[in-house]
Amino acid sequence: MKRKLFSVLLAASMVCSMAASAVTVHAEAETIRIGFFAPVSAASAAADGQSAQQSAELAVKLLNDAGGIDGKLVELVDYDDGLDTTEAANIAEKLSTVDDVVAIVSGSYSGPTKVAAPILQDAGKLLVSAYAVHPDVVNAGDMVFSQSFPGAVQGTAAAIFACEELKAEKIAIVAVDLDFGTEQATYFKAKAAEYGAEIVSEDYIAISDNDMTSVISKIKEEGADLIYSVNYYEQASEVCRQVAMQGLECPILGTEGADSWQLLETAGEYANGLYITTNMNRDDENEATQSYIENYRAEYDMEPDMVGASVYDSFQILFEAIKNAGTDTVAMRDYIAGMKDFDTVTGTLLYYTEAGSAVKPVQIQQVQEGAFHHFSEVSDSAVIDPVTYEG
């Protein structure tokens, strides 16, 4: 009798276990997993890493709160690359082999992203890079897209603005000695030369170097009438501070690297008057832009920036592709490649180039009374289409 009872209980236990397993498998099948990596722990990129991570989480949260995609919730599989290329390669291997993700968003800089891109391309995984500027990212292959414009576009647009609107004739360049700085400076110089502007000096600094005292002193002696600062927020803050403290009366033109809440906090009043090239227009009345700003403020009690907005947009692109083409990689790739005139937080995505770079106007923002505001934009199709710079 005891044996019979034991057999019945054992059978019942097995049925329950199988049922539980079935529920687990079903639940997993109903989840859409999207990979993500950002430089969360990197000291020199902490603010950008935080902004990227928070915007990724916000994008997923808002989608899931609205019911997901066709009833399926999205699961974020996220990693911290620490702004380290070796770690980025390891992350790319994990995402492409063991994590069962349908696509990946890079919320990191050019260095880690251009290392991860060919690994994911070879594995047949779709990658959307939020804001990396180096062309090697999209050149990794047809599975890679960039949601922001490359350095060639931003550097050229900056030179046009500097020479046409700010009437710069003698320009000093202060740039971080990374792909971000050298790529944009190269194209800025080429376009500025067409206007007859003179580059009076070039200083390339380590990302860890935040002392600009001697650099700005030298620039003051050289008589520059504009400083082109191709730096991230820490170095850009120090450029603004030293220019003011040394009484150098010339405009500063920065880049999207300075588009950060951290710059406003660090530089304070010294940031007022700073111009930057970026892809985010905070004064845009577009519903997507204002909704993101409102939701970000409500969720994190802080101001959003270009990095976060670009990450958020990258997820919106993937969500739109999955809604319309499903989770088949090739179908998603083809859908994204054909997207046109799609409203995003960072303005209207006009189209993607054949290489996968987003085409949209370059925004000129200016810091006014401690906040970024619209000043101008560069929308000439010959400038903002990366195809112009190929070859």
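Details of the structure are given in the entry above.
About the criteria used
Residues numbered from 1 in each chain as written. Predicted model: local features only at pLDDT ≥ 70, side-chain atom pairs only at ≥ 80, totals over all residues. Heavy atoms only, no water. Helix = DSSP H or I, 4+ residues; strand = E, 2+ residues; numbered from the N terminus. Rg over C-alpha atoms; globule rule 2.2 N^0.38 Å. Buried < 20%, exposed > 50% of the residue type's maximum accessible area, 1.4 Å probe, protein only. Areas by Shrake-Rupley, 256 points an atom, 1.4 Å probe, with all protein chains shown as cover. Lys, Arg positive; Asp, Glu negative; His and termini not counted. Charge placed at Lys NZ, Arg CZ, Asp CG, Glu CD. Core = buried A, V, L, I, M, F, W, Y, C linked by side-chain atoms within 4.5 Å. Contact = heavy atoms within 4.5 Å. Pairing = 2+ DSSP bridges. Right-handed = clockwise from strand over helix to strand, strands pointing away. Axes fitted to C-alpha atoms, helices over the stretch in contact; angles between N-to-C directions. Left-handed = near helix turned anticlockwise from the far one by under 90°. Parallel < 35°, antiparallel > 145°, perpendicular 65-115°, else oblique. Nonpolar A, V, L, I, M, F, W, Y, C, P; charged D, E, K, R; others polar. Phe/Tyr/Trp six-rings, centres within 6.5 Å; stacked < 30°, edge-to-face > 60°. Salt bridge = Lys/Arg side-chain N within 4 Å of Asp/Glu carboxyl O. Expected span 1.5 Å × (residues − 1).

1. Concerning the overall build of the chain
Then, in step 1: The helix and strand inventory of the chain stands at 13 helices and 15 strands.
Then, in step 2: Compactness check: the chain gives a C-alpha radius of gyration of 23 Å against a globular reference of 21 Å for 391 residues, within 12% of the reference.
Then, in step 3: Considering only C-alpha atoms, the chain reaches an extent of 100 × 40 × 40 Å along its principal axes.
Then, in step 4: Looking at the chain as a whole, 53% of its 391 residues qualify as buried.
Then, in step 5: For the chain, the accessible area works out to roughly 16,100 Å², and carbon and sulfur atoms hold 50% of it.
Then, in step 6: Seen as two clouds, the 22 positive and the 61 negative side-chain charges of the chain have centres 9 Å apart.

2. Some details on the nonpolar core
Then, in step 1: Core analysis: the largest hydrophobic core is formed by 101 residues, its most contacted members being F188 and F315.
Then, in step 2: If sequence neighbours within four positions are ignored, F188 has contacts with G155, A158, A159, A162, I171, I173, I199, Y228 and L253.
Then, in step 3: Formed by 16 residues, the second largest nonpolar core is a distinct cluster that contains F37, V77, A117 and V144.

3. Observations regarding the pairing of strand β4 (residues 126–129)
Then, in step 1: Residues L126 and V128 point to one face of β4 and L127 and S129 to the other, with burial holding for every one of them.
Then, in step 2: The pairing of strand β3 (residues 103–106) with β4 spans four bridges and is classified as parallel. Across the sheet, residue S106 finds its bridge partner in β4, namely S129.
Then, in step 3: The parallel pair β3 and β4 is bridged by helix α4 (residues 110–122), and the resulting crossover is right-handed.
Then, in step 4: In the sheet, β4 pairs with strand β5 (residues 144–146) via three bridges, with the strands oriented parallel. Its bridge partner lying in β5, V128 is registered against F145.

4. Quick notes on the packing of helix α11 (residues 306–325) against helix α12 (residues 329–337)
Then, in step 1: One way to put it is that α11 packs onto α12 with a least axis distance of 9 Å and a crossing angle of 115°. With respect to the hand of their crossing, α11 and α12 are arranged in right-handed fashion. Between α11 and α12, the residues in contact are I317, L318, E320, A321, I322, N324 and A325 and A331, M332, Y335 and I336, respectively.

5. Remarks on the packing of helix α2 (residues 46–65) against helix α10 (residues 287–300)
Then, in step 1: Contact pair α2 / α10: the axes reach a minimum separation of 11 Å and the direction vectors enclose 105°. On the basis of the axis angle, α2 is roughly perpendicular to α10. Two secondary-structure elements touch here, α2 through S51, Q54, S55, E57, L58, K61 and L62 and α10 through Y292, N295, Y296, E299 and Y300.
Then, in step 2: Grouping the amino acids of the contact of α2 with α10 by side-chain chemistry returns five nonpolar, four polar and three charged.

6. Quick look at the packing of aromatic side chains
Then, in step 1: One pass over the structure, following the stated rule, counts 14 aromatic pairs.
Then, in step 2: Aromatic side chains Y292 and Y296 sit 5.7 Å apart centroid to centroid with 50° between the ring planes, which places their arrangement in the tilted category. With Y292 and Y296 both in helix α10 and four residues apart, the pair spans about one turn of that helix.
Then, in step 3: Here Y292 falls in the buried class, since its relative accessible area comes to 1%.
Then, in step 4: The buried category is assigned to Y296, whose relative accessible area is 0%.
Then, in step 5: A centroid spacing of 6.0 Å and a plane angle of 55° characterise the contact between F315 and F319, whose relative ring orientation is tilted. Taken together, the positions of F315 and F319, both in helix α11 and four residues apart, correspond to about one turn of that helix.

7. A closer look at the environment of S208
Then, in step 1: Within the element layout of this structure, S208 appears in the loop between β7 (198–205) and α7 (213–222).
Then, in step 2: Classification of S208 as exposed rests on a relative accessible area of 62%.
Then, in step 3: Sequence separation of S208 and S44 is 164 residues, and the distance between their C-alpha atoms is 6.7 Å.

8. Observations regarding the pattern of salt bridges
Then, in step 1: Scanning all chains against the criterion turns up twelve salt bridges.
Then, in step 2: Close ionic contact of D334 with R333 constitutes a salt bridge, the shortest N to O distance being 3.0 Å.
Then, in step 3: Using a relative accessible area of 18% as the deciding quantity, one classes R333 as buried.
Then, in step 4: Each of D142, R333 and D334 takes part in one network of salt bridges that share partners.

9. Observations concerning helix α8 (residues 233–245)
Then, in step 1: The terminal C-alpha atoms of α8, which comprises 13 residues, lie 18 Å apart, in line with the 18 Å expected from a rise of 1.5 Å per residue.
Then, in step 2: Taken residue by residue, α8 has Y233, Q235, A236, S237, E238, V239, C240, Q242 and V243 as its buried positions.
Then, in step 3: One or two steps after α8, the chain reaches G247, where phi turns positive at roughly 70°.

10. So, the environment of A52
Then, in step 1: In this fold, A52 is placed in helix α2.
Then, in step 2: On the basis of relative accessibility, which here comes to 0%, the residue A52 falls in the buried class.
Then, in step 3: As a C-alpha pair, A52 and S108 span 56 residues in sequence and 7.9 Å in three-dimensional space.
Then, in step 4: Among all residues touching A52, those that are not within four sequence positions of it are F36, A38, G107, V307 and V311.

11. Details of the sheet that holds β7
Then, in step 1: Within the open sheet, the seven strands sit side by side as β7-β6-β8-β9-β10-β14-β15. Their pairing is mixed. Looking at the sheet topology across the chains shown, the edges are occupied by β7 and β15 (371–378). Averaged over all pairs of adjacent strands, the angle between strand axes in this sheet comes to 25°, irrespective of strand direction.
Then, in step 2: Pairing between strand β6 (residues 170–176) and β7: seven bridges, direction parallel.

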